[in-house]
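A look at the structure
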Amino acid sequence: MTYKAQQYGCIVIKVDAHYTSQRCPQCGTIDKRARNHQHHEYHCQQCDCRTNDDRVAAMNLAELGRRYLAGDKEPSFDSKKQKKTKRSGMA
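Criteria and thresholds
- Residues numbered from 1 in each chain as written.
- Predicted model: local features only at pLDDT ≥ 70, side-chain atom pairs only at ≥ 80, totals over all residues.
- Heavy atoms only, no water.
- Helix = DSSP H or I, 4+ residues; strand = E, 2+ residues; numbered from the N terminus.
- Buried < 20%, exposed > 50% of the residue type's maximum accessible area, 1.4 Å probe, protein only.
- Areas by Shrake-Rupley, 256 points an atom, 1.4 Å probe, with all protein chains shown as cover.
- Phe/Tyr/Trp six-rings, centres within 6.5 Å; stacked < 30°, edge-to-face > 60°.
- Lys NZ or Arg CZ within 6 Å of the ring centre and 35° of its normal.
- Pairing = 2+ DSSP bridges.
- Salt bridge = Lys/Arg side-chain N within 4 Å of Asp/Glu carboxyl O.

- Per an unreviewed UniProt entry, the protein chain goes by Cas12f1-like TNB domain-containing protein and derives from Schleiferilactobacillus perolens DSM 12744.

**Here's the deal with the overall build of the protein chain**
- Along the protein chain, the regular secondary structure elements total three helices and three strands.
- When its helices and strands are written in sequence order, the protein chain yields α-β-β-β-α-α.
- Residues classed as buried in the protein chain amount to 26% of the 91 residues present.
- In the structure as shown, the protein chain presents an accessible area of about 7,000 Å², 49% of it carried by carbon and sulfur atoms.

**A few points about the packing of aromatic side chains**
- Within this structure, the stated rule accounts for zero aromatic pairs.
- Here the basic side chain of lysine 73 rests over the ring of tyrosine 68, its NZ or CZ set 4.4 Å away from the ring centre.

**Quick look at the sheet that holds strand β3 (residues 50-52)**
- Reading across from one edge, β1-β2-β3 is the order of the three strands in this open sheet, with antiparallel pairing throughout. Each end of this open sheet is capped by a strand with a single partner; those strands are β1 (35-36) and β3.
- Strand direction decides the pairing type here: strand β2 (residues 41-43) and β3, joined by three bridges, are antiparallel. Bridge pairing in β3 places tyrosine 42 opposite threonine 51.

**Quick look at unusual backbone geometry**
- Residue tyrosine 19 is not a glycine yet carries a positive backbone phi of 70°.
- Structurally, tyrosine 19 is set in the loop between α1 (2-7) and β1.
- Even without glycine at this site, aspartate 48 takes up a positive phi of about 70°.
- Relative to the helices and strands, aspartate 48 resides in the loop between β2 and β3.

**Observations regarding the pattern of salt bridges**
- The full count for this structure, using the stated rule, is five salt bridges.
- Of the charged contacts, one joins arginine 33 and aspartate 31 as a salt bridge, the two residues approaching to 3.0 Å between their closest N and O atoms.
- Its relative accessible area of 16% is what places aspartate 31 among the buried residues.
- A salt bridge links glutamate 63 to arginine 67; the shortest N-O distance between them is 3.0 Å. Separated by four residues within a single helix, glutamate 63 and arginine 67 lie in helix α2 (residues 53-69), roughly one turn from each other.
- According to the relative accessible area criterion, glutamate 63 is partly exposed, its value standing at 23%.
- Looking at arginine 67, the relative accessible area reads 28%, which means it is partly exposed.
- Here the residues in one salt-bridge network are Glu63, Arg66 and Arg67, joined through shared partners.

See below:
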């Protein structure tokens, strides 16, 4: 993929793929139960977002790429960090 990207003047960014298919691209909730492998569907119980499970992963990978370009040199989705953020946001 890298050589193809170079042919078109693009760059390839390596990001941590953990939780990309479990994270809601709308509200950020990480829940592995939201993904239905059999029906290729993702359904977030928190905000009711519904879409194809592969699309969710692609949207989240794009988000990690945006974070990288914005200056975060090691962008990732950390489920422990997410839970702490949610708790502190509720207080």
